[in-house]
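# Breakdown of the fold
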Amino acid sequence: MTTASVCPKLLQAVSETFETMIFTQVVLWNQPPGDLSKSSAAVPPRSYWCSIPVISPLKGSMLMIIPATLAVEITKNLYGWTDNAELTETVELDAIAELVNTISGRLLSFLLPEDQSFELGLPETSETPLEYPQESAVCKFAAGEDTFACILTGDLATL
Amino acid sequence: MKCILIADDSGMARMFIRRCLEISGCQACEFLEAENGRVALQLLKEKPVDLVVSDLNMPEMNGEELLKRIKSSPRLHEIPVLIITSAANPKKVAELTALHAAAVLNKPVSPASISEALGMLGHQREERP
């Protein structure tokens, strides 16, 4: 797995989304990439995985791996909740799926010409690792104290 | 009281759009929510709605199909449909505008972008003969 050259554009998409929706600043986290599914140091003990297929004109997917602690903060921020009373895993996963959907759309709009339509699939979320090909590319980000990763597969990994 | 139907498969997105609408002046509006186009159409059959705000990418029936169904319905075609999508670019906006979408907004939406779209809708209505 390599660090994607598309990371600066992905950072732009992530930043726009985080800043607009949850008023949170995101920066690139420059740590050497590893196999996130196997490295306990890279993936916090409890993480959420969310993948969205890119259907056309590029083919591939974007997978976000986000610590549950950050997912909780994001969800509370989005809903304006000050405590965890109404938090459920379903609500947290739904919030992360919407973020991933928005980020992937922004990324493709940055990558493709203005006259090029694109199509995304529906996001899939999981509390257990989702499979992704070895020849993927990764971008890592930091939001406050937490870090998270986006793995790009297929055509997106070679940009 | 105006009634606004929000169609999006994400509960979080529906809440976020509703909050943006409320900040943009729709505090007194009644909100209906649907998780896809099929449910939205069902709600439209049951209750008069003044504005539809729909996501594009939804399971079962997507926002484009919902837009087509609304605009081809003699009873519903005058309801303005605001499309909110993460896949908006000038080409997509042109395609959806040709299908009579009132406006197309890129995700993430903000109170400012929703407010601008609502202002444009009001302006379009004033211009109607």
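Residues numbered from 1 in each chain as written. Chains lettered and ligands numbered in written order. Predicted model: local features only at pLDDT ≥ 70, side-chain atom pairs only at ≥ 80, totals over all residues. Heavy atoms only, no water.

## A few points about the pattern of salt bridges
In the structure shown here, the tally under the stated rule is 13 salt bridges over all chains. In this structure, Glu 16 of chain A and Arg 106 of chain A form a salt bridge, with 2.9 Å as the shortest nitrogen-oxygen distance. Here Glu 16 of chain A is found in helix α1 (residues 7–22), whereas its partner Arg 106 of chain A is found in helix α3 (residues 89–111), with 90 residues between them in sequence. Classification of Glu 16 of chain A by relative accessible area gives partly exposed; the value is 28%. Looking at Arg 106 of chain A, the relative accessible area reads 11%, which means it is buried. Salt bridges here are not isolated pairs; linked through shared partners, they connect Glu 98 of chain A together with Asp 8, Asp 55 and Lys 107 of chain B. (Salt bridge = Lys/Arg side-chain N within 4 Å of Asp/Glu carboxyl O. Helix = DSSP H or I, 4+ residues; strand = E, 2+ residues; numbered from the N terminus. Buried < 20%, exposed > 50% of the residue type's maximum accessible area, 1.4 Å probe, protein only.)

## Examining the interface of chain A and chain B
Across the boundary between the two partners, chain A contributes 25 residues, which contact 25 residues of chain B. Between chain A and chain B lies a buried interface of about 1,900 Å² when both sides are counted; carbon and sulfur atoms form 55% of it. Across the contact surface, chain A and chain B share one salt bridge. As a salt-bridge pair, Lys 107 of chain B and Glu 98 of chain A come within 2.7 Å of each other at their nearest N and O atoms. Scanning the region where chain A abuts chain B turns up 13 residue pairs in polar contact (both at pLDDT 80 or more). Elements that contribute at least two residues to the side of chain A that touches chain B include exactly α1, α2 (68–79) and α3 of chain A. Looking at the side of chain A that touches chain B, the element that brings in the most residues is α3 of chain A, giving eight residues. When grouped by side-chain class, the residues that make up the side of chain A that touches chain B number eight nonpolar, eleven polar and six charged. (Contact = heavy atoms within 4.5 Å. Buried area = accessible area lost by both parts, 1.4 Å probe. Polar contact = N/O pair within 3.5 Å; in protein donor to acceptor, adjacent residues only side chain to side chain. Nonpolar A, V, L, I, M, F, W, Y, C, P; charged D, E, K, R; others polar.)

## Quick look at the state of the cysteines
All names here are of chain B. In total, this model carries one disulfide over all chains according to the counting rule given. Left unpaired, Cys 20 is separated from the closest cysteine sulfur, that of Cys 26, by 11 Å. A relative accessible area of 2% places Cys 20 in the buried class. With no disulfide of its own, Cys 26 lies 3.9 Å from the sulfur of Cys 29, the closest cysteine sulfur. (Disulfide = S-S within 2.5 Å.)

## Describing the nonpolar core
Counting 71 residues, the largest nonpolar core has Leu 10, Leu 78 and Phe 148 of chain A together with Leu 21 of chain B as the members making the most contacts within it. Top element by residues in this core is α3 of chain A. It accounts for ten residues. Once residues within four sequence positions are removed from consideration, Leu 10 of chain A is found in contact with Met 62, Ile 103, Leu 107, Cys 139, Phe 141, Cys 150 and Leu 152 of chain A. Cys 3, Val 39, Ala 40 and Leu 76 of chain B belong to the second-largest nonpolar core, a separate cluster that totals 26 residues. (Core = buried A, V, L, I, M, F, W, Y, C linked by side-chain atoms within 4.5 Å.)

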